[in-house]
Amino acid sequence: MKPTTREWIKKVENDFKVALLILRRRKDVVPDAACFFCQQCIEKYLKARLLEAGIAFPRTHDLLQLGHPKGWTPNLPGDCFPSHA
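What you see is a predicted model; the values in this text were computed from it and never measured. (Residues numbered from 1 in each chain as written. Predicted model: local features only at pLDDT ≥ 70, side-chain atom pairs only at ≥ 80, totals over all residues. Heavy atoms only, no water.)

**Considerations on the overall build of the protein**
Inference 1: Per the secondary structure count, the protein includes three helices and zero strands.
Inference 2: Listing every helix and strand of the protein by position from the N terminus yields α-α-α.
Inference 3: The buried share of the protein, taken over its 85 residues, is 24%.
Inference 4: Counted over contacts in the protein with a minimum sequence separation of 6, partners at least 24 positions apart contribute 34%.
Inference 5: By element, 60% of the accessible surface of the protein is carried by carbon and sulfur atoms, the whole surface being about 6,500 Å². (Helix = DSSP H or I, 4+ residues; strand = E, 2+ residues; numbered from the N terminus. Buried < 20%, exposed > 50% of the residue type's maximum accessible area, 1.4 Å probe, protein only. Contact = heavy atoms within 4.5 Å. Areas by Shrake-Rupley, 256 points an atom, 1.4 Å probe, with all protein chains shown as cover.)

What follows is the structure in structure tokens.
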């Protein structure tokens, strides 16, 4: 694994820990904050995977854009990322 990929994965793991801490609270659970950190996990994991594969991606937070980088065809059944308006 490339060092840069390792750094992204570490960030993913930290964001996931924060999301879990938020959701496990007995009082004052803030679901919006947990959702934010979960979105961050997905975004950073996608970026780590693309970096590891040597695929360029735009500077974006858009998960659909990251799921369809130029030059990469996902090996998935059907279209997991339908076009959005």
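We are not done yet, so read on.
**Some details on the environment of Pro3**
Inference 1: As for its placement among the helices and strands, Pro3 is situated in helix H1 (residues 3-24).
Inference 2: Taking C-alpha positions, Pro3 is 9.4 Å from Glu52, a pair spaced 49 residues apart along the chain.

**Brief notes about the side chain of Glu43**
Inference 1: Among the structural elements, Glu43 can be located in helix H2 (residues 31-53).
Inference 2: Dropping the residues within four chain positions of it, Glu43 is found in contact with Thr60, His61, Leu63 and Leu66.

**Details of the pattern of salt bridges**
Inference 1: With the rule as written, the count across this model stands at two salt bridges.
Inference 2: Between Lys44 and Asp15 there is a salt bridge, and its shortest N-O distance comes to 2.6 Å. On the criterion of sequence distance, the pair formed by Lys44 in helix H2 and Asp15 in helix H1 is long-range, its members being 29 residues apart. Comparing Lys44 with Asp15, the two get one shared label, buried.
Inference 3: Lys47 is the salt-bridge partner of Glu43, the closest N and O atoms lying 2.8 Å from each other. Residue Glu43 and its partner Lys47 are both found in helix H2; the two are separated by four residues, about one turn of the helix.
Inference 4: When its relative accessible area of 3% is taken as the criterion, Glu43 is described as buried. (Salt bridge = Lys/Arg side-chain N within 4 Å of Asp/Glu carboxyl O.)

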